[in-house]
Amino acid sequence: MPDTVLYELSSHVATITLNRPDALNAINGELRQELNAAWRRFRGDDEAWVAIITGAGRAFCAGADLRDGEGSVGVFEGTFWEKPTINSFESGLELFKPTIAAVNGHCLGYGFTGALACDFLIAGDRATFGFPEVRLGVPTIVGAIRLPRRVGWADAMELLLTGEQVSAERAREMGLVWRVAPHEQLMDEARALAERLAAAAPLAVRATKEVAARTRTMPWIEAVRFGETMRKVAGITEDAAEGAAAWAEGRPPNWQAR
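Numbers given for residues are sequential positions, taken from 1 along each chain in its written order. For a predicted model such as this one, the threshold for reporting local features is a pLDDT of at least 70, and the threshold for listing and counting side-chain atom pairs is 80 or more; totals across whole chains, interfaces and linings nevertheless cover every residue. Derived side-chain values reflect all non-hydrogen atoms in the structure, with water molecules and hydrogen atoms excluded from consideration.

Looking at the pattern of salt bridges
When their charged atoms lie close together, side chains carrying opposite charge are able to pair. Here, a salt bridge means any Lys or Arg side-chain nitrogen found within 4 Å of an Asp or Glu carboxyl oxygen. Throughout the structure, instances matching the rule amount to 16 salt bridges. In this structure, Glu-90 and Arg-32 form a salt bridge, with 2.7 Å as the shortest nitrogen-oxygen distance. Taken as a pair, Glu-90 in the loop between α2 (69-73) and β5 (99-103) and Arg-32 in helix α1 (residues 29-44) lie far apart in primary sequence, 58 residues in all. Among the salt bridges present, the one from Arg-258 reaches Glu-238, with a minimum N-O distance of 3.3 Å. Note that Arg-258 is positioned in the segment after α10 (238-249) and Glu-238 in helix α10, a separation of 20 residues in sequence. Each of Asp-155, Glu-158, Arg-170 and Glu-173 takes part in a single network of salt bridges with overlapping partners. Think of it this way: any DSSP run of H or I at least four residues long counts as a helix, any run of E at least two long counts as a strand, and we number them from the N terminus.

Structure, rendered in structure tokens:
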């Protein structure tokens, strides 16, 4: 059986590909476990600085595979009530490396939530977005937490409460999609962005993203104090010294993520 998730690393850019094209990359238990493992691999790999997630075939991800509903969420230890809930990238696994969703087709349910977890969402012009759960009699949970933080309330409620799908262009108008690209050029656009992100100092990038993420819910004084602490931490890294040396010598920096 082929892997349901592919992981490739090139020039500090990891490409994670959902690989159940015959099932529109719907998430079953096997794909769920492999996807979680891929994100953990990316997080722990010092040579991986930016990630692109996309889908094989004509879909990004059609959501949960209803033939394996429990498995699509994941198999985790715990009691009925005390199950770990931060158990995947989209449910809040802390990851401060930059992430890009390259949405190549249908992006529904869990797939949509996963795309929302990324820093950048680039859609091919054939992409569609939706949360169909309410039309199946179940609520959307993590998607309902994430979506109103990305778009206006009414736009979020339209998607969450009707279960209808919208086009890539409509998603861009909502502010959900950052860029819309011709389908054939989608991965080129995603890789070009990844290369731009990978040109910056990787530890400084991660510190900056963490400050941006954590301080959204902090009072101003606490936010600034946290940010200045992160500045000191990043300032004693080898990359900080390399950046200063490269600038003084008029040469490109050689980042080491140290």
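Describing the state of the cysteines
By definition, disulfides here are pairs of cysteine sulfur atoms that lie within 2.5 Å. Taken as a whole, this structure holds zero disulfides when the rule is applied. The thiol of Cys-107 is not disulfide-bonded; the next cysteine sulfur, from Cys-61, is found 7.3 Å away. Note on classification: 1.4 Å probe, protein chains only; a residue is buried when its accessible area is under 20% of the maximum for its type, exposed when over 50%, partly exposed between these limits. We classify Cys-107 as buried; its relative accessible area is 0%.

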